[in-house]
Amino acid sequence: MVGGTPVPDESRPPTLEDLMRQVSFGDEAAFERLYEQLSAPVFGLVRRVVRDRAQAEEVTQEVMVEVWRTASRFDPARGSALSYVLTMAHRRAVDRVRSAQASTGREERVARMSEDIAYDQVSEAVTTRIEGERVRRCLGGLTELQRQAVTLAYYGGYSYPEVAGLLKVPLGTIKTRMRDGLVRLRDCMGVER
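Here goes a summary of the coordinates provided.

**Looking at the packing of aromatic side chains**
Where two aromatic rings form a pair, the distance of their centres and the angle of their planes describe that pair.
No. 1: Under the criterion given, the structure shown has three aromatic pairs.
No. 2: Taking 5.2 Å as the distance between ring centres and 70° as the angle between the ring planes, the aromatic pair formed by Phe31 and Trp68 counts as edge-to-face. Of this pair, Phe31 sits in helix 2 (residues 28-50) while Trp68 is found in helix 3 (residues 53-70), placing the two residues 37 residues apart along the sequence.
No. 3: The exposure class assigned to Phe31 is buried, which follows from its relative accessible area of 17%.
No. 4: When its relative accessible area of 31% is taken as the criterion, Trp68 is described as partly exposed.
No. 5: The structure contains a cluster of three or more aromatic residues connected by ring pairs, namely Phe31, Tyr35 and Trp68.

Below, the structure written as structure tokens:
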């Protein structure tokens, strides 16, 4: 024992715990040996959780990088190095599965929200144009006074009192012209009551 730190017995191969301690001091050779011993069990565990080989390889790599970065946090009093690394791997794999599920769920929600109601745009445009022509033709069948009142109210957006003010005609007269004009428009366009 040197300064309270146990000196590894040179006659036996280093344990995973010894390697973790050496890695915590930045020993790259110790990390290489640790990687050789742990990468297969980590990959096996991760592969069982994520089920996709490419994803498992990626998560295994992430776990081993995390082991390199956080080796100093390992406490042998709380468990073995193998259980420490496998716990880290399991958590990382579960996080990857949850992330993939959340991503898929988000994509499905966005797809459902962005579904357009199928309709024929050309047909819609033609129908709109034909209806517009019918309205113009039927407006042509109104008297000039009725056409003025209806046009100001429906195309100009004016209220009945505003139309009366613009045309300098009593409100009652405007209401009569509007009613008569709308009845003629309805009949001309073939709208059912």
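**Description of a nonpolar patch on the surface**
No. 1: Nonpolar side chains collect at one region of the surface, where Val122, Val126 and Ile130 lie side by side and expose about 270 Å² of accessible area between them.
No. 2: The exposure class of Ile130 is partly exposed, given its relative accessible area of 44%.

**Some words on the state of the cysteines**
Each disulfide is one covalent bond, formed between the sulfur atoms of two cysteines.
No. 1: Inspection of the entire model under this criterion finds one disulfide.
No. 2: Paired by a disulfide, Cys138 and Cys188 hold their sulfur atoms 2.0 Å apart. Between Cys138 and Cys188, the S-S torsion sits near -80°, and that sign places the bridge as left-handed. Of this pair, Cys138 sits in helix 5 (residues 121-140) while Cys188 sits in helix 8 (residues 171-189), and the two are 50 residues apart along the sequence.

About the cut-offs
- Residues numbered from 1 in each chain as written.
- Predicted model: local features only at pLDDT ≥ 70, side-chain atom pairs only at ≥ 80, totals over all residues.
- Heavy atoms only, no water.
- Phe/Tyr/Trp six-rings, centres within 6.5 Å; stacked < 30°, edge-to-face > 60°.
- Helix = DSSP H or I, 4+ residues; strand = E, 2+ residues; numbered from the N terminus.
- Buried < 20%, exposed > 50% of the residue type's maximum accessible area, 1.4 Å probe, protein only.
- Patch = residues over 30% accessible without salt bridge, like charges linked within 9 Å, V, L, I, M, F, W, Y side chains within 5 Å.
- Areas by Shrake-Rupley, 256 points an atom, 1.4 Å probe, with all protein chains shown as cover.
- Salt bridge = Lys/Arg side-chain N within 4 Å of Asp/Glu carboxyl O.
- Disulfide = S-S within 2.5 Å.

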